[in-house]
Amino acid sequence: MESAQYQVVPFFLFDTLWPLTKLYQINGVHFLCYKVTDEQNGRISLKPMGTLAIFKRYGLFIISNLVLITLIYLSMWLTWNGLRYSDLSQVLEKHGQSKLDFATFYSVLAVSLLGHIVIVFRNLSYKDELAKLQDMFVNNANIDHEILKAERKWLIVFWMVAIPLFWSGFLIFFIGFAMLLEEEFGISLQSQVPLIFLATWVLHQLYSPIFCYTQTFFEIACSITAWIETLLLNQDLDDCYHLLQVISVASEAMSLQHFSLVIMSVIILIGVTFSVVSYFIVNEDLTAQFFAFLTLGIGLVAICTTFFLISLVSFAQKIVDKVHELGNLLRRLPVKEENVVLGKDIIEWRDFRDIILHDIDCFQGLDGYGYFCINKSLLTSIVANFMTYFIILIDFKIN
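Residues numbered from 1 in each chain as written. Predicted model: local features only at pLDDT ≥ 70, side-chain atom pairs only at ≥ 80, totals over all residues. Heavy atoms only, no water.

Engineer: Give a description of the environment of Ile187 that names residues and reports values.
Structural biologist: With respect to the secondary-structure elements, Ile187 resides in the loop between helix H5 (145-185) and helix H6 (193-234). Note on Ile187: relative accessible area 3%, which makes it buried. When the C-alpha atoms of Ile187 and Asp135 are compared, they prove to be 57 Å apart, with 52 residues separating the residues in sequence. Setting aside anything within four residues of it in sequence, one finds Ile187 in contact with Thr79, Trp80, Leu83, Leu181, Glu182 and Gln192. (Helix = DSSP H or I, 4+ residues; strand = E, 2+ residues; numbered from the N terminus. Buried < 20%, exposed > 50% of the residue type's maximum accessible area, 1.4 Å probe, protein only. Contact = heavy atoms within 4.5 Å.)

Okay, here's the thing in structure tokens:
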């Protein structure tokens, strides 16, 4: 069978959203690699940052966040006119917030911090694996440019939806909180504008490691999918073998991040959904303007978290489906009476195909640190756990 003709161009894994990646990179502790282009042949590689450069970026990230938090406290001191946290707690309790609501809020915040700390420090070793993946793609991947372009176009659509959705959720929530302070304590909304934007920016800083990691994962997933689509045309066994190696390296490199991201997202989703429903249960006056903003803000965060989870599973499940589709195609290939060089060994073509088919049959999805695979069955588990713990929290709230 003749191989299909396809266009090969200089390849870079993170080409689609590289300006955004650079922005996150400048911002702090994300994507700890330099993009290096060979002037002679145009080959693109990633060079992991040195210890000093990483130390500077970690220092900048920590200092910038400490400055933002200091400015928030300064803004509160200037605008709250002696308002104490106990006064605020009493008002929140008046509007139906119980100790369970506060415990849920602080639990969500603690899990978010822990999840992001894991991802930030995982970047220290992840940078080497990113460089390795880039080299593996450049050395082994023969990807059709048009197929890759078609896969990557969804990334732009995704981020055009995700970033405004997430930012607006936090911004609207803090506007609602400011309206509550204006209604209960007479603190004007205009005087709280700096506090609103500073608090929104701090939360963006908190979630930026997740944004950056998710972005890199989606770019890798799109490139793997485009590679598989190309292999469905040319059916080259050597390429199939290299593809499975890349998938294995990528799965192992991202397993801890996947685990942290899924667990964190589920807990956040349970917490914010409970907060909204809880307010409806206990509060008789639902006409307050601040309530509409608080509910809408929290709701957007819940929608965005769900959007991230579904997108993560969808991208990963597409890889699973395409890999097994490729396996079915390879099974129908006529047997060739020839030998294949595999490392230092020479084996028959039939045995080489059997090795590849065995690896394909064993592949059930990208790894979640050994606890789960990222595939569509994960969504079923997430929904079941979400409903279980959500019902338990509501039951505690009612009783």
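Engineer: Tell me what's going on with helix H10 (residues 376-398), and back it up with residues and numbers.
Structural biologist: With 23 residues, H10 should reach 33 Å at 1.5 Å per residue; the first-to-last C-alpha distance of 34 Å fits that figure. Every buried residue of H10 is listed here: Leu378, Ile382, Phe386, Phe390, Leu393, Ile394 and Lys397. (Expected span 1.5 Å × (residues − 1).)

Engineer: How would you explain the nonpolar core if you had to name every residue and give the values?
Structural biologist: If you look at the biggest cluster of nonpolar residues, it comprises 120 residues, and the most contacted ones within it are Phe217, Ile220 and Ile224. The element best represented in this core is H6, accounting for 23 residues. Other than its neighbours up to four places away in sequence, Phe217 contacts Met254, His258, Leu312, Phe315, Ala316 and Leu366. Counting residues in hydrophobic clusters, the runner-up holds 7 residues, among them Met179, Tyr279, Phe291 and Leu294. (Core = buried A, V, L, I, M, F, W, Y, C linked by side-chain atoms within 4.5 Å.)

Engineer: Which residues make up the confidence of the model for the chain, and what are the values?
Structural biologist: Scored by pLDDT, the chain comes out at a mean of 82, with 92% of its residues at no less than 70. Within the model, the stretch residues 1-8 combines pLDDT values under 50 with 15 contacts to residues more than four positions away or in other chains. (pLDDT = per-residue confidence, 0-100.)

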